[in-house]
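# Breakdown of the fold
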Amino acid sequence: LAHPWDTAKNEWSRRPQVAFADAVMVGLSRFRSHAEHFVSAREKILEDTAALFRANPPGTFTGRGNTKRDVQDRIRLYEEMLQRHVVAE
């Protein structure tokens, strides 16, 4: 999951991105009590993750912006997406 969605190719990138991995790991760690649900909702979470890349400016999740605010924003966006899956339980 550290491989970002490539909006130009409409597929998962082969090149992992540390900035994206950070957002994923922080987001998942905050909802670790829902780990089993996330496993069962894997395909939908992947779809929603790709949608995050399409809905936000290029570089949002790949670290083009690396200020404190940029890091907080990408973590927040990923957490909000995961939160929707927690609520859907």
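Residues numbered from 1 in each chain as written. Predicted model: local features only at pLDDT ≥ 70, side-chain atom pairs only at ≥ 80, totals over all residues. Heavy atoms only, no water.

### Concerning the nonpolar core
Counting 18 residues, the largest nonpolar core has Phe20, Phe38, Ile45, Phe61, Tyr78, Met81 and Leu82 as the members making the most contacts within it. Elements represented by at least two residues in this core include exactly helix 1 (18-30), helix 3 (42-55) and helix 4 (68-87). The dominant element in this core, judged by the number of residues it contributes, is helix 4, at six residues. (Core = buried A, V, L, I, M, F, W, Y, C linked by side-chain atoms within 4.5 Å. Buried < 20%, exposed > 50% of the residue type's maximum accessible area, 1.4 Å probe, protein only. Helix = DSSP H or I, 4+ residues; strand = E, 2+ residues; numbered from the N terminus.)

### What about the packing of aromatic side chains?
Summed over all chains, the structure comprises six aromatic pairs. Plain terms: the ring middles of Trp5 and Trp12 are 5.1 Å apart, the flat faces sit at 85 degrees to each other, and that makes the pair edge-to-face. Under the relative-accessibility criterion, Trp5 is labelled buried at 13%. Look at Trp12 and you get partly exposed, because its relative accessible area is 29%. Both rings, one in Phe53 and one in Phe61, keep their centres 5.0 Å apart while their planes meet at 45 degrees; by these two values the pair is tilted. This pair shows no difference in class: Phe53 is buried, exactly as Phe61 is. Here the aromatic cluster, defined as three or more aromatic residues joined through ring pairs, consists of Phe20, Phe53, Phe61 and Tyr78. (Phe/Tyr/Trp six-rings, centres within 6.5 Å; stacked < 30°, edge-to-face > 60°.)

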